[in-house]
Structures are given as structure tokens and as C-alpha cells.
Amino acid sequence: SEFLEYILEQLSEVEEITYRAMMGEYILYYRDRVIGGIYDDRLLVKSTPGAAAYMPSTTEELPYPGAKPMLLVDNVDDRAYLCGLFDAMVNDLPAPRIRKK
């Protein structure tokens, strides 16, 4: 998606950003932690204390019907803002589970 590519370009200074396509949407990972996703050309992130503090005036939106509400990132054109948001959130997110072999 063009929007996904735009967001990835905006986050190009942040290392360890990966994504996975899922049912026409894209799940975004930061340091192997699910941080949010692209849903209908909207960047939504998990509702964490860091995200709420960083974006106090944000709105909650549903990524898809029946899902938990997530926070809408409306300032996607500001690279530094996006990178700061991801850094503000990462420690709120559960560390990736180590898969046993």
C-alpha cells in the first residue's frame, strides 16, 4: 500500500521497524513488539501510557469491527514526532516471547 510505504519511509530513521501483512491490513512491529498497524490508510497504535502521554489529544478508533480501540496517529507527516512516539511507547509493550526450540 502507498500509505504503508509512506509510513515506513517516515520511520526510516528508526531501526528495527518491521511489518506483516494480515487480511489486507499491516501490523507494525518495533523491536519485535507489536506497536500498531495500518488500517484503512490510518496509522493506529496500541493504547499505552506512553502513547497517551505523547498524544494527549488523540482519538480512539477501532482498527476493524470487534477489535480493541487503538489510538489514531494524526501527525504522520512529522518524522521526528513519529519516531518520538514509537520511542515513548516501546517500553510499555510486552517483550517478544522467546520461542523454545
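Up top is the structure these notes are about.
About the thresholds
Residues numbered from 1 in each chain as written. Predicted model: local features only at pLDDT ≥ 70, side-chain atom pairs only at ≥ 80, totals over all residues. Heavy atoms only, no water. Pairing = 2+ DSSP bridges. Helix = DSSP H or I, 4+ residues; strand = E, 2+ residues; numbered from the N terminus. Contact = heavy atoms within 4.5 Å. Axes fitted to C-alpha atoms, helices over the stretch in contact; angles between N-to-C directions. Core = buried A, V, L, I, M, F, W, Y, C linked by side-chain atoms within 4.5 Å. Buried < 20%, exposed > 50% of the residue type's maximum accessible area, 1.4 Å probe, protein only. Phe/Tyr/Trp six-rings, centres within 6.5 Å; stacked < 30°, edge-to-face > 60°. Salt bridge = Lys/Arg side-chain N within 4 Å of Asp/Glu carboxyl O.

(A) Quick look at the sheet that holds strand β3 (residues 33-39). Strands sit in the order β1-β2-β3-β4-β6-β5 across an open sheet of six strands; the sheet is antiparallel. Here the strands that pair on one side only, and so sit at the sheet edges, are β1 (17-22) and β5 (60-61). The sheet contact formed by strand β4 (residues 42-45) and strand β6 (residues 70-72) spans two bridges and is antiparallel. Residue pairing across strands places V45 opposite L71, the latter belonging to β6. Helix-sheet contacts for helix α1 (residues 2-10) involve β1, β2 (25-30), β3 and β4, and the interaxial angle to β2 is about 15°.

(B) The arrangement of the nonpolar core in detail. Residues L43, V45, V73 and F86 are the most contacted members of the largest nonpolar core, which totals 26 residues. Looking at this core, the elements that each hand over two or more residues are α1, β2, β3, β4 and α3 (79-90). Look past the residues within four positions of V73 in its chain and what remains in contact with it is L43, V45, M55, Y81, L82 and L85. Counting six residues, the second largest nonpolar core, distinct from the first, contains I27, Y29, M70 and L72.

(C) Region of the structure containing the environment of M70. Within the fold, M70 resides in strand β6. By relative accessible area, which is 9% here, M70 ends up buried. The sequence separation of M70 and V45 amounts to 25 residues, and the corresponding C-alpha distance is 5.6 Å. If sequence neighbours within four positions are ignored, M70 has contacts with G36, G37, Y39, L44, V45, K46, T59, E60, E61 and P63.

(D) Fine view of the packing of aromatic side chains. Inspection of the entire model under this criterion finds four aromatic pairs. With a centroid separation of 6.2 Å and an interplanar angle of 45°, the aromatic rings of Y39 and Y64 are classed as tilted. Of this pair, Y39 sits in strand β3 while Y64 sits in the loop between β5 and β6; the two residues are 25 residues apart in sequence, bridging distant segments of the chain. Judged by its relative accessible area of 43%, Y64 falls in the partly exposed class. Aromatic pair Y54 and Y81: ring centres 5.1 Å apart, planes at 50°, arrangement tilted. Placement of Y54 in helix α2 (residues 49-54) and of Y81 in helix α3 is noted, with a sequence separation of 27 residues between them. Overall, the relative accessible area of 29% leaves Y54 in the partly exposed class.

(E) Spotlight on the pattern of salt bridges. Tallied over the entire structure, the rule returns five salt bridges. Linking R79 and E13 is a salt bridge whose minimum nitrogen-to-oxygen distance equals 3.6 Å. Taken as a pair, R79 in helix α3 and E13 in the loop between α1 and β1 lie far apart in primary sequence, 66 residues in all. Residue R79 is classed as partly exposed on the basis of its relative accessible area, which comes to 27%. Residue E13 is classed as exposed on the basis of its relative accessible area of 59%. Notably, a salt bridge pairs D40 with R42, separated by 3.8 Å at the nearest N-O pair. Judged by relative accessible area, which is 55%, D40 ranks as exposed. Using a relative accessible area of 18% as the deciding quantity, one classes R42 as buried. Overlapping salt bridges bring together E9, E13 and R79 as one network.

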